Amino acid sequence: MYIIIDMGVSTPNAFIRTRKPLGLDRHFMERALELGERARGNTGDNPHVGSVIVLGERVLGEGWTSEPGQSHAEANALLAAANAGHDVTGATLYATLEPCSFLGRTPACALTIVASGITRVVYGIRDPHPRVNGQGAHQLRRGGLEVSEGECATEIRASLAEWLRGHRNAR
């Protein structure tokens, strides 16, 4: 069961009770994809992204992209974890899209993640935005985090197809 909190975040109130017979990375990325769909149509020129923070098999926080100028999915997941009193040190963050790497209307998610104590990031597809496109992953690795790309990539590309059309280099 999940409790919905304002600003595009939700917090679990218990350990995951059941798990699909899939790998944990796929399971949590599918959850991130579901969360991203909650933001569809409400993100302006930003992609609708979902994020889940997990320690072991326990979900610490979840989030999705807010309206333009507000927090991205990763920041909302971190906020949800903090609001629930969880320490994310050593946790894995799942995001459907590579975390952003530049200061725009919001701080760079990649740098926020590095500062949080998270040690591993799994994202579905590279962000083709010219100011990101591999730089988010580079910042995460430079910060000492383990980074994996490609989990549920086909499903995420399908979900973000309209947004990706504006970026020809989408992988």
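Residues numbered from 1 in each chain as written. Predicted model: local features only at pLDDT ≥ 70, side-chain atom pairs only at ≥ 80, totals over all residues. Heavy atoms only, no water.

Asks: Quick rundown of the confidence of the model for the chain? Include the residues and the values.
Replies: With 84% of its residues at a pLDDT of 70 or more, the chain shows a mean pLDDT of 85. Confidence, read as mean pLDDT per element, is least for strand E1 (residues 2-5) in the chain (32) and greatest for strand E3 (residues 50-55) (98). This model gives residues 1-21 a pLDDT under 50, and the stretch forms 54 contacts once residues within four places in sequence are excluded. (pLDDT = per-residue confidence, 0-100. Helix = DSSP H or I, 4+ residues; strand = E, 2+ residues; numbered from the N terminus. Contact = heavy atoms within 4.5 Å.)

Asks: Summarise the side chain of His72; cite the residues concerned and give the values.
Replies: With respect to the helices, strands and loops of the structure, His72 is situated in the loop between strand E4 (58-64) and helix H2 (73-83). Setting aside anything within four residues of it in sequence, one finds His72 in contact with Asn46, Trp64, Thr65, Cys100, Thr106 and Cys109.

Asks: So what's going on with the environment of Leu145? Which residues, and what values?
Replies: Here Leu145 shows up in the loop between helix H4 (135-142) and strand E7 (146-149). C-alpha separation for the pair Leu145 and Gly117, spaced 28 residues apart in sequence, amounts to 9.2 Å. Apart from the residues within four sequence positions on either side, Leu145 is in contact with Ile113, Val114, Ile118, Thr119, Arg120, Val121 and Leu140.

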